[in-house]
Amino acid sequence: MTPRKNRLSRTLVPAAAGVALACAGGASAQSMSDVQKAAEARGLTTSDLLAAAKTYTPSGMKDEYLIFSSGGHSGQVFVIGVPSMRLLRSIAVFTPEPWQGWGYGVGNEVLAAGAVNGKENLWGDTHHPALSETAGDYDGEWLFINDKINARVAVIDLRDFETKQIIKNPLTISDHGGTFVTPDSEYVIEGGQYAVPWGADYAPISEYKEKYRGSVTMWKFDRKKGRIDESKSFAIELPPYWQDLSDAGKLASDGFMFMNSINTEMATGGIEDKKPPFEAGVSKNATDYLHIIDWKKAEKVYQAGKVEKIKGFPVITLATAIEEGLLHLTPEPRSPHGVDVAPKGDFIVVSGKLDPHVTVYSMDKIKKSIAAKKFSGSDDFGVPILDFDSVVEAQVEVGLGPLHTQFGPDGYAYTSLFLDSAVARWTLGGVYGAGTPEPDWTLVHKTPVHYNVGHIGVAEGDTVSPDGKYLVAFNKWSVDRFFQTGPLLPQNFQLIDISGKGTEMPVIYDMPIGVGEPHYAQIVKADKLKPWAVYPEIGWNPSKQELDPMAPKPKMERVVRSGSQVEVLMTAIRSHFTPEHVTVKQGDHVTWRITNVERAVDATHGFAVPAYNINLSLEPGETATIEFVADTPGTFPFYCSEFCSALHLEMVGYFMVEPAE
Amino acid sequence: MAPSIAERLIGPRVALDERAGRTFRFGAPGFFLLIARVLILVSLFLPYWHMELVAPQYPDNLHLTAHINHLSGDVAEIDGLNHYIGMRSLEEAAQFERSYGVYALILLVVMLEFAGWVHSRWAVLMVIPAMLFPAIFLLDLHLWMSHFGTHLDPDAPLSSSIDPFVPPILGTGTVGQFKTVASPGIGLILSAAASVTMLIALFFHRRAYLPLVRAAKG
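Reference entry: report on the structure contained in this document. From a predicted model like this one, the values you see are computed outputs, not experimental measurements.

This part covers the overall build of chain A. Assigned secondary structure in chain A consists of ten helices and 44 strands. Here chain A has a C-alpha radius of gyration of 28 Å; the compact-globule value for 661 residues is 26 Å, and the two agree. Overall, chain A is about 85 × 75 × 50 Å in size when its C-alpha atoms are taken along their principal axes. Going through the 661 residues of chain A one by one, you find that 57% of them count as buried. A separation of at least 24 residues holds for 61% of the contacts in chain A among residues at least 6 apart in sequence. Element-wise, carbon and sulfur atoms account for 56% of the exposed surface of chain A, whose accessible area totals about 27100 Å². Charged side chains in chain A number 61 positive and 82 negative. The centres of these two groups are separated by 3 Å.

Before going further, it helps to spend a moment on the packing of helix α6 (residues 122-150) of chain B against helix α7 (residues 186-217) of chain B. All names here are of chain B. Closest axis-to-axis distance for the α6/α7 pair is 9 Å, and the angle between their directions is 155 degrees. When the axes of α6 and α7 are compared, the pair comes out roughly antiparallel. The handedness of the crossing between α6 and α7 comes out as left-handed. Contacts between α6 and α7 pair Ala123, Val124, Val127, Ala130, Met131, Phe133, Pro134, Phe137 and Leu138 from the former with Leu188, Ser191, Ala192, Ser195, Met198, Leu199, Leu202 and His205 from the latter.

Moving on, we come to the sheet that holds strand β15 (residues 308-310) of chain A. Residue and element names in this part refer to chain A. Taking strand neighbours across the sheet as the criterion, the six strands line up as β8-β9-β10-β11-β16-β15 in an open arrangement whose pairing is mixed. Two strands close off the open sheet at either side, each with one partner strand: β8 (177-181) and β15. Looking at each pair of strands side by side, their axes are set apart by 30 degrees on average, direction ignored. Lying on the sheet, helix α7 (residues 295-303) is in contact with β9 (187-191), β10 (214-222), β11 (227-238) and β16 (313-316); it crosses β11 at an angle near 105 degrees.

Let's shift gears to the sheet that holds strand β4 (residues 130-134) of chain A. Backbone-to-backbone hydrogen bonds pair the strands of a sheet. The strands run either parallel or antiparallel. Residue and element names in this part refer to chain A. Read from one edge of the open sheet, four strands run β4-β5-β6-β7, paired in antiparallel fashion. Of all strands in the sheet, those with a lone pairing partner are β4 and β7 (162-168), marking the two edges. Geometrically, the sheet is characterised by an average inter-axis angle of 30 degrees between neighbouring strands, direction not taken into account. With six bridges connecting them, strand β6 (residues 152-157) and β7 associate as antiparallel partners. Note that in β7 the partner of Asp157 across the bridge is Glu162.

Among the secondary structure elements, B:Ser195 is positioned in helix α7. If we skip the residues at most four places from it in the chain, B:Ser195 touches B:Ala130, B:Met131 and B:Pro134.

Across the contact, nine residues belong to chain A and nine residues belong to chain B. Approximately 670 Å² of surface area, both sides summed, lies buried where chain A meets chain B, with 54% of it carried by carbon and sulfur atoms. Two residues, A:Arg574 and B:Glu77, come together in a salt bridge whose shortest N-O distance is 2.6 Å. Counting the contacts that link chain A with chain B gives four residue pairs in polar contact (both at pLDDT 80 or more). Taken together, the residues of the side of chain A that touches chain B break down into three nonpolar, four polar and two charged.

Residue and element names in this part refer to chain B. On the surface, Arg121, Arg206, Arg214 and Lys217 cluster together into a positively charged patch. By the element assignment, Arg121 lies in the loop between α5 (95-117) and α6. What makes Arg121 exposed here is its relative accessible area of 65%.

So, about the environment of A:Pro83. Residue and element names in this part refer to chain A. Its location among the elements puts Pro83 in the loop between β2 (76-82) and β3 (87-92). Owing to a relative accessible area of 11%, Pro83 belongs among the buried residues under this scheme. As a C-alpha pair, Pro83 and Ile508 span 425 residues in sequence and 9.1 Å in three-dimensional space. Residue contacts for Pro83: discarding those within four places in its chain leaves Lys54, Thr55, Asp63, Glu64, Tyr470 and Leu495.

Our focus in this paragraph is the pattern of salt bridges. All names here are of chain A. Applying the stated rule across the entire model yields 33 salt bridges over all chains. Here Asp201 makes a salt bridge to Lys311, at a shortest N to O gap of 2.5 Å. In this pair, Asp201 sits in the loop between β9 and α5 (208-211) while Lys311 sits in the loop between β15 and β16, placing the two residues 110 residues apart along the sequence. By relative accessible area, which is 37% here, Asp201 ends up partly exposed. On the accessibility criterion, Lys311 (43% relative accessible area) is partly exposed. A salt bridge links Arg593 to Glu567, with the nearest nitrogen and oxygen atoms 2.7 Å apart. With a gap of 26 residues between them, Arg593 in strand β39 (residues 589-596) and Glu567 in strand β36 (residues 565-573) connect regions that are remote in the sequence. Judged by its relative accessible area of 13%, Arg593 falls in the buried class.

Quick notes on the rules
- All residue numbers here refer to positions counted from 1 along the written sequence of the relevant chain.
- Here the convention is simple: chains get letters from A, ligands get numbers from 1, in the order in which they are written.
- Residue-level local features of this predicted model are given only where pLDDT is at least 70; pairs of side-chain atoms are given and counted only at 80 or more, and the full residue set underlies all totals for whole chains, interfaces and linings.
- The basis for the side-chain values is all heavy atoms of the structure; hydrogens and waters are excluded.
- Where helices and strands are cited, they refer to DSSP runs of H or I of at least four residues and of E of at least two residues respectively, numbered from the N terminus.
- Here the globule rule reads 2.2 Å times residues to the power 0.38, and the radius of gyration is calculated from C-alpha atoms.
- Each residue is placed in one exposure class: buried if its accessible area under a 1.4 Å probe, protein chains only, is under 20% of its type's maximum, exposed if it is over 50%, and partly exposed if it falls in between.
- The contact definition used throughout considers only heavy atoms, calling two residues in contact when any of these lie within 4.5 Å.
- For the accessible areas, the method is Shrake-Rupley and the probe is 1.4 Å, while residue cover comes only from the protein chains on display.
- Positive residues here are Lys and Arg, negative ones are Asp and Glu, while His and the chain termini are left out of the count.
- Here the site of a charge means NZ on Lys, CZ on Arg, CG on Asp, or CD on Glu.
- Lines fitted to C-alpha atoms define the axes, with helix axes restricted to the stretch in contact, and inter-axis angles between N-to-C directions lie between 0 and 180 degrees.
- Orientation is classified from the angle alone, with under 35 degrees giving roughly parallel, over 145 giving roughly antiparallel, 65 to 115 giving roughly perpendicular, and any other angle giving oblique.
- Handedness of each helix crossing follows the sense of rotation of the near helix against the far helix: counterclockwise by less than a right angle gives left-handed, clockwise gives right-handed.
- Two strands qualify as a pair provided DSSP detects at least 2 bridges between them.
- Accessible-area loss on putting two parts together, using a 1.4 Å probe and summing over both, is the definition of buried area adopted here.
- One speaks of a salt bridge when a side-chain nitrogen belonging to Lys or Arg is within 4 Å of a carboxyl oxygen belonging to Asp or Glu.
- Side-chain atoms alone can form a polar contact between residues adjacent in sequence; in general such a contact is a pair of N or O atoms within 3.5 Å, and within protein one must be able to donate a hydrogen while the other accepts it.
- Side-chain classes follow a simple rule in which Ala, Val, Leu, Ile, Met, Phe, Trp, Tyr, Cys and Pro form the nonpolar group, Asp, Glu, Lys and Arg form the charged group, and the remainder, Gly included, forms the polar group.
- Only residues whose relative accessible area exceeds 30% and that form no salt bridge are eligible for patches; like-charged ones are grouped when within 9 Å, while nonpolar side chains (Val, Leu, Ile, Met, Phe, Trp, Tyr) are grouped when within 5 Å.

The structure is reproduced here in structure tokens:
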């Protein structure tokens, strides 16, 4: 293949140049002194050059890892290569996106399913992507992501990197605690956040404690269908504590899940009435509650029918959850952000934003305390509280504003420090202790990042077998790192090399993200994915992932009229549409089916119709169906909106709508 | 008594006792013809000809392979590109040859079988068609390529920007931004090897039976 040849010639050229230099006594050929000169001209240091050597990816060389990053308010997912830090793709999810045709004729029905209270909602605030797992390890098949603003969950098929489903949570309206998957992706977990009355119905805030509720929803994922099966999903009622980030247990903690909460004070704000504002009220107590939920037991309770239908959705009530022993609380440092389960499932690491420690809980101790009913009391709702000292394994002082923790393969854990603007490396104890030269449970090093780091991602760093090697700090602020793009600045993804030990973990690349504010991202080994190069057959319907029996094929092209119903059967191939003239009458109901009959990789065609808000992206083999009423009379040249060939501009046709009499 | 026409056709028979001591002399023609038949039969299942089209936007190149009875490779993609210059669809080429090629080759194999039994000069006539087959294949291919390359649709999108052309059936050529690299397939090579084997068979055939024919004429 050409790229390999290129690489080969690159290695051969300097070698040949060396020979030439020796023979001719120096001419114009590349050597390390040229590298030095270029570096000096740009003021690059040796460590800069080393970083470049670790990250520079020549044309044709592929990345070893992929970041699947939330896109924040862009409502999208970004796919980024590591170590090159090149943006490979955006995936349209909750927000229309014209390049992918998303919302302009492609995926309209998926977006429509994301309506909130029957009202179209065309943006999202994606936060926490979750790659599907098999036995606690990424399998590269599916990606789930939440929309915090409206409590929705999307399913993305990684064969074609396209969103297949958006599901609206009927019980709540915000879901910072999603998405996380159980070790075999049996369930996609969506924890709610800001408490509201069921279904976000109205109730005065004075009735907060009585009417407002927290919840966690267990969406059953049907891997065969590639869809969340609502009919096998359920939720668990929780106190209105603003449950936050969550993680599913694995191995030693398989069957459990863990959720932080930030407002166990049940503060209701009211700064305008001289009441403590939320920021103060919510942070008043020294501790909040880590929620420990036995989801496997909860599944049995649901299957036994011990649920109440709320908003038409099965909910295990708080009373049932307590009675069945599904839910336990234990104190955690106040206003926590991340709760992260160690690779073997034995430790659960919680970071309280306002506490300089990470607090490490032992699953073994939690299980023993639950069995022995070693409670220090119960909360206002009767939920038993496990005694803190009986379940904690260690507390490690890592720095200011700890948020999220990821794990390496060797016994190191990494925690983002928002206030310190740094990433801390610290050692785990227990069975992990032998992997690191430093003593257990100690801070090893802090690498400054720029600036205000939120989440971090280590390659496969939240699975049962982390790869280490690379860590990416997903920084919220970039301040002075890039060209000043007006007052709105990009976020900064910083790549850190964590392949060394001890204090060696340098930043080796900065990548600006100028589209929305990403939150969490997962990093997966690229060879785990098996994406399609083209759709499997001509006439493929991506929304169903099957051959569409109605798809137009070559020689089937025609325009069929029956009364005021007009059906257009069209094909697209370089560089023409067939047919090229489509004439209808004003008011006709038009069903336009179009297939890209190409089989060549990357031979995508667009199909754009002016005045009708239509733009399809038709990848090779893809068929799409759009329906609309031809309400605007006129002459509309439709064209291919993806530069497909030398005669791309000529890939055009006329859609003519005769005015009604 | 003068030999009948049939006898003259199949040539002199070899007496068993004469044959017994000279296994190689009388066995060699049949043996080499058997090898030739096997080679031809095996070639039926193998590609006869490849063309590779090299252009910057196809890093893996485009491939076209001709078998005795079908085309394989990037036929649709090549057809798609060819429509720009007004070339007819590849599937329209050599339809007759592809439909009957297998039967024709089987017929040639049967003729080779008979050639082993014929000890007269007529054996040469039964071998020659099979021997010439690889050349006929290439000639036919060349004729189709010339026909397709020189009968382009004048109304095609790029008909004014390309002159009629005939890409070489072996070796490299250029069409638009494509470099064409044509090479024989393993089937064609086996078929050519069969031709050489036939030549060897005929040599031994002549050595074994010409003296007998001459003796019979007396």
